[in-house]
Amino acid sequence: MKTHILVTVSLLFSSASITLANSEAMDTLLQTYAAQGAATTNAEQGKRLWVKTYQNKGEFSERSCTSCHTQDLTAPGKHAKTGKIIKSMSPSSNPERLTDIKKIEKWFKRNCKWTMGRECTVQEKANFLAYIDKPTNF
Amino acid sequence: MKSTLAITAIIFTIGFVTLPVVMSDSDYGWGKDEEYDRSSTGVAAISNPVYKEECGSCHMAYPAGLLPARSWTRLMADLENHFGDNAELDAATHQSISKFLLANSADQSNYRRSRKLNNSIRLADAPLRISAIPYFRHEHDEIPERLVSGNAEVKSFSHCNACHTKAEQGSFNEHDIHIPGYGRWDD
């Protein structure tokens with residue numbers, strides 16, 4: 001019983017202290033997505049989705065990732081409503097990007113819903129990751 | 001016996017938690033400066049890193065003491081449609097931020113501006129916009145539209161820190177006002 005608790009506690013601590021390097025967070029996420037059915041990534045598809053415009057009711061009737069993040073992922077963006085500066089998306093110009101799984105999933109959820117009116121599929125997320133990681137190649 | 005003890009404990013806790021709320025809701029207008037601690041002139045500055053990170057990435061992290069608890073509760077209940085944006089939080093983060101906001105809300109604060117904001121709101125109201133609070137409107141009623149909505153660098157009263165240079169530190173002092181393209185504002 002005692003060892004059981006000890007193991008659980010030490011597991012908790014070790015998982016909380018892991019900080020993933022850029023590619024590690026992405027690798028882990030892509031593995032997760034692969035296990036859920038998105039075995040390959042397609043950065044070009046990611047780019048196409050990035051610039052695609054969606055019709056919405058109400059304020060900002062035309063929505064796209066570029067509404068806030070612009071088409072240049074190496075440059076800072078601007079929140080469409082509040083005007084607050086959003087740091088650039090590309091890890092090459094902003095090393096913090098794609099290093100935190102929780103953060104990535106949080107923004108995928110919020111921003112896919114706002115932009116597309118639904119959550120993104122795992123395939124769409126995998127494609128986005130591939131594009132955001134190396135946007136200048138596409 | 002045990003359950004009786006537990007219930008008694010709960011009742012006591014609720015009593016102590018609600019007591020200050022009830023007391024601070026006394027209706028004595030917006031209050032005079034003398035009634036407040038001189039050192040606490042503005043509202044409390046934001047100290048919570050989770051709140052700063054989660055709420056401050058899209059807009060200024062509004063000090064919790066700018067809205068009463070009932071307003072924060074209403075606002076936190078519909079983050080999926082947060083003034084037209086999606087600001088959903090996972091359950092643990094939601095709980096942690098709610099706890100912080102409620103503990104530091106305008107009706108829990110002894111800061112002058114918080115008390116004035118809170119006392120100007122009718123008990124039946126729970127405004128979502130700070131700029132809709134009577135005390136706020138009173139304080140801004142002399143500012144012409146061209147300096148706010150007609151000003152590309154301000155655009156809206158929601159952008160406190162466009163003019164209140166120390167807003168994020170909780171100070172809304174007149175001496176710290178600088179309206180872009182206009183300059184200092186003296187009443």
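Everything discussed here concerns the structure shown above.
As a starting point, this report considers the structure included with it.

Definitions and limits used
- Residues numbered from 1 in each chain as written.
- Chains lettered and ligands numbered in written order.
- Predicted model: local features only at pLDDT ≥ 70, side-chain atom pairs only at ≥ 80, totals over all residues.
- Heavy atoms only, no water.
- Helix = DSSP H or I, 4+ residues; strand = E, 2+ residues; numbered from the N terminus.
- Buried < 20%, exposed > 50% of the residue type's maximum accessible area, 1.4 Å probe, protein only.
- Contact = heavy atoms within 4.5 Å.
- Areas by Shrake-Rupley, 256 points an atom, 1.4 Å probe, with all protein chains shown as cover.
- Arc of directions from axis to C-beta.
- Phe/Tyr/Trp six-rings, centres within 6.5 Å; stacked < 30°, edge-to-face > 60°.
- Lys NZ or Arg CZ within 6 Å of the ring centre and 35° of its normal.

Within chain B one finds 7 helices and 0 strands. In chain B, the order of α-helices and β-strands from amino to carboxyl end is α-α-α-α-α-α-α. Burial statistics for chain B: of 187 residues in total, 42% are counted as buried. Summarising the internal contacts of chain B: among those between residues at least 6 apart in sequence, 60% fall at separations of at least 24. With the model as given, the accessible surface of chain B reaches about 10,800 Å², and the carbon-plus-sulfur share is 57%.

Next up on the list: the overall build of chain A. Across its full length, chain A holds 6 helices and 4 strands. Going from N to C terminus, chain A has its helices and strands arranged as α-α-α-β-β-α-β-β-α-α. Out of the 138 residues in chain A, the part that is buried amounts to 33%. Taking as baseline every contact in chain A between residues at least 6 positions apart, the subset at least 24 positions apart corresponds to 50%. Accessible surface for chain A amounts to roughly 8,400 Å². Of this, 57% is attributable to carbon and sulfur atoms.

With that settled, the discussion passes to helix α3 (residues 43-51) of chain A. Residues and elements named next belong to chain A. By the burial criterion, the buried members of α3 are Ala43, Gly46, Leu49 and Trp50. For α3, the arc enclosing every buried residue in end-on projection is 115°, short of the 170-degree limit, so these residues lie on one face. For α3, the elements touching its buried residues are β1 (54-55), α4 (66-69) and α6 (122-133).

Let's shift gears to the packing of aromatic side chains. For the structure shown, the criterion picks out 7 aromatic pairs over all chains. Ring centres 6.1 Å apart and planes at 75° place the aromatic pair Trp50 of chain A and Phe128 of chain A in the edge-to-face group. Within this pair, whereas Trp50 of chain A is found in helix α3, its partner Phe128 of chain A is found in helix α6, the two being separated by 78 residues in sequence. Look at Tyr182 of chain B and Trp185 of chain B: their rings are 5.8 Å apart centre to centre, the planes differ by 45°, and that puts the pair in the tilted class. Judged by relative accessible area, Tyr182 of chain B falls into the partly exposed class, the value being 43%. Joined through ring pairs, the aromatic side chains of Trp50, Phe108, Phe128 and Tyr131 of chain A make up one cluster. Just above the ring of Trp107 of chain A sits the side chain of Arg110 of chain A; from NZ or CZ to the centre is 4.7 Å.

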